[in-house]
Amino acid sequence: MSKRRVVVTGIGIVSPVGVGLKTSWENIIAGVSGVGQITRFNPEGFASTIAAEVPEFDIGEFISPKEARKMDRFIQLGMAAGVEAMRDSGIEVTDENAVRMGAYIGSGIGGIETIEQTTLTYAEKGQRRVSPFYVPSSIINMIAGNLSIEFGLKGPNLSMVTACTTATHAIGEASRLIEYGDADVMVAGGAEAGITPTAVAGFGNAKALSRQNDDPQGASRPWDVGRNGFVLGEGAGILVLEEYEHAKARDAKIYCELAGFGMSGDAHHMTAPSPGGEGAARCMDAAIRNSGMNAEEIDYVNAHGTSTPQGDIAETLALKRSFGAHANELAVSSTKSMIGHLLGAAGGVEAVFCALAIRDQVAPPTINLNDQDPECDLDYVPNTAREMKIGAALSNSFGFGGTNGTLVFRQLT
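Residues numbered from 1 in each chain as written. Predicted model: local features only at pLDDT ≥ 70, side-chain atom pairs only at ≥ 80, totals over all residues. Heavy atoms only, no water.

Some details on helix α4 (residues 112-125)
Piece 1. Between its first and last C-alpha, α4 extends 20 Å over 14 residues, near the 20 Å set by a 1.5 Å rise per residue.
Piece 2. For α4, the set of buried residues is I112, E113, T114, E116 and T118.
Piece 3. Turning to α4, the residues buried within the fold contact α3 (73-89) and α7 (197-205).
Piece 4. Looking one or two residues beyond α4, the residue adopting positive phi is G126, at roughly 95 degrees. (Helix = DSSP H or I, 4+ residues; strand = E, 2+ residues; numbered from the N terminus. Expected span 1.5 Å × (residues − 1). Buried < 20%, exposed > 50% of the residue type's maximum accessible area, 1.4 Å probe, protein only. Contact = heavy atoms within 4.5 Å.)

Here's what the structure looks like:
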């Protein structure tokens, strides 16, 4: 059977530059940084004391505060983005169509805050003080579970854990469920809330985090000579994916088409990219091939672009390897320069930015790019958003363990 077309009909986002679609996108286009000193715990003595936290988040605007108290922060962030996406889609769930609607939402590390706090409670006060909600409040599939309960979605109910590629894989796999007839609508993406003592200590001691503590807003600087590690972020990005004819029949607002999805494995190293970006290039090739497009039709790339010395060079080489001469014609930007690295949620928020870039025909900037690394010699849309033709956009995510994912979005034709 020929695959069915998949379109984006709803968007929800909770990010370090704003809660909700309008605020987040306005700040991204304006080049606003969401990085600051850590406030979720006292970071004194840590190698890195900065992060990109979600500001002024009130879960009561999205779900019952009573229910929210049973959820780790990552679930709350995911629920907020999921509720916004469903509201934005305008879709009505009925007894008849509920079995054709599902959720596929992941997280890289899930309820680490709840796990840390419960471990301390157990150590200090014993097993009787461990909450009966400990497990369901911290396991990764509970965004999809709670969202399906909230809206009565009775179709596929799934989760994904592939480190920093999680949300990209979840969106891609959800699209395939629609393409091949297992569902008509899928709510898909990722959420993360990993700004906790053990996570920051672990990444910091691995020398993965930026230590530019005296200049938080300038610390995330992909492709810049001065980059020295990524900035940890939190948030959620969720899309409502819908079969094209189903969306058309209800006269839905359509942002764009999700045309292609690709995956690959580096089979090289636990954390380092494969030499020359070989694995990432194969992933992009697979996504473009799956879309049925030519590489020359891609106008914009939302890069993984974490601001790490090795990773940024590897992605640059991968883009050249995959696109050939057309790599020099691409507009490539890293929105992580503004919101940090959201780990398992990164691909979700970056998919949101790709859809909006196509809608508004504007490429977000890479801020803090003041002294471009000669080894990173592509067009990274430095410091200022660019109005341009964007017929198709590609979004990259690469994770620990050498797991890669790429999505291709295009204008609906």
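Following the structure, the description resumes.
Thoughts on the nonpolar core
Piece 1. Counting 49 residues, the largest nonpolar core has I11, L239, L241 and F409 as the members making the most contacts within it.
Piece 2. Ranked by residues supplied to this core, first place goes to helix α12 (residues 346-360) with ten residues.
Piece 3. With residues near it in sequence (within four places) discarded, L239 still touches V8, G10, I11, I171, M186, V187, A188, A351, V352 and F409.
Piece 4. Membership of the second largest hydrophobic core comes to 33 residues, among which are V54, M71, M79 and M86. (Core = buried A, V, L, I, M, F, W, Y, C linked by side-chain atoms within 4.5 Å.)

Topic: the pattern of salt bridges
Piece 1. Summed over the entire model, instances satisfying the criterion amount to 21 salt bridges.
Piece 2. Note that E26 is salt-bridged to K22, the shortest N-O span being 2.7 Å. In this pair, E26 and K22 both sit in helix α1 (residues 21-30), four residues apart, roughly one turn of the helix.
Piece 3. Of the charged contacts, one joins E67 and K70 as a salt bridge, the two residues approaching to 3.4 Å between their closest N and O atoms.
Piece 4. For E67, a relative accessible area of 36% gives the class partly exposed.
Piece 5. The structure contains a network of salt bridges with shared partners spanning R4, R100 and D184. (Salt bridge = Lys/Arg side-chain N within 4 Å of Asp/Glu carboxyl O.)

Some words on the state of the cysteines
Piece 1. Summed over all chains, the structure comprises zero disulfides.
Piece 2. No disulfide involves C164; its sulfur sits 14 Å from the nearest other cysteine sulfur, which is in C283.
Piece 3. Summary of cysteine pairing: C256 is not part of a disulfide, and the nearest cysteine sulfur, belonging to C354, is at 8.4 Å. (Disulfide = S-S within 2.5 Å.)

Digging into the pairing of strand β9 (residues 256-265)
Piece 1. When you tally the buried positions in β9, you get eight out of ten residues, the bulk of the element.
Piece 2. Of the strand pairs in this sheet, strand β1 (residues 6-15) and β9 are connected by two bridges, and their pairing is antiparallel. Pairing of V7 across the sheet is with E257, part of β9.
Piece 3. Inspection of the sheet shows β9 paired to strand β15 (residues 403-410) by eight bridges, in the antiparallel sense. Among the inter-strand pairings, G260 is bridged to a residue of β15, identified as V408. (Pairing = 2+ DSSP bridges.)

Digging into the packing of aromatic side chains
Piece 1. With the rule as written, the count across this model stands at six aromatic pairs.
Piece 2. A ring pair is formed by W25 and F353, whose centres lie 6.1 Å apart and whose planes are at 25 degrees; its orientation type is stacked. Taken together, the positions of W25 in helix α1 and F353 in helix α12 put the pair 328 residues apart, joining distant regions of the chain.
Piece 3. An aromatic cluster is built from F203, F230 and F400, whose rings are joined through pairwise contacts. (Phe/Tyr/Trp six-rings, centres within 6.5 Å; stacked < 30°, edge-to-face > 60°.)

Considering the environment of G34
Piece 1. Tracing the sequence through the fold places G34 in the loop between α1 and β3 (36-37).
Piece 2. G34 sits 183 residues away from Q217 along the chain, and the two C-alpha atoms are 7.1 Å apart.
Piece 3. Ignoring anything within four residues of it in the chain, the contact list for G34 reads P16, V17, A51, A52, E53 and M338.

What about the environment of A85?
Piece 1. Residue position: A85 is located in helix α3.
Piece 2. Residue class for A85 comes out buried when judged on its relative accessible area of 0%.
Piece 3. Along the primary structure A85 and L21 are separated by 64 residues, whereas in three dimensions their C-alpha atoms are 9.0 Å apart.

Regarding the side chain of S148
Piece 1. Tracing the sequence through the fold places S148 in helix α5 (residues 142-151).
Piece 2. Polar contacts involving the side chain of S148 include one to the main-chain carbonyl oxygen of G145, which spans 2.7 Å.
Piece 3. Polar side-chain contacts of S148 include one of 2.9 Å to the side chain of N157.
Piece 4. Once residues lying within four places of it in the same chain are set aside, the contact partners of S148 are L153 and N157. (Polar contact = N/O pair within 3.5 Å; in protein donor to acceptor, adjacent residues only side chain to side chain.)

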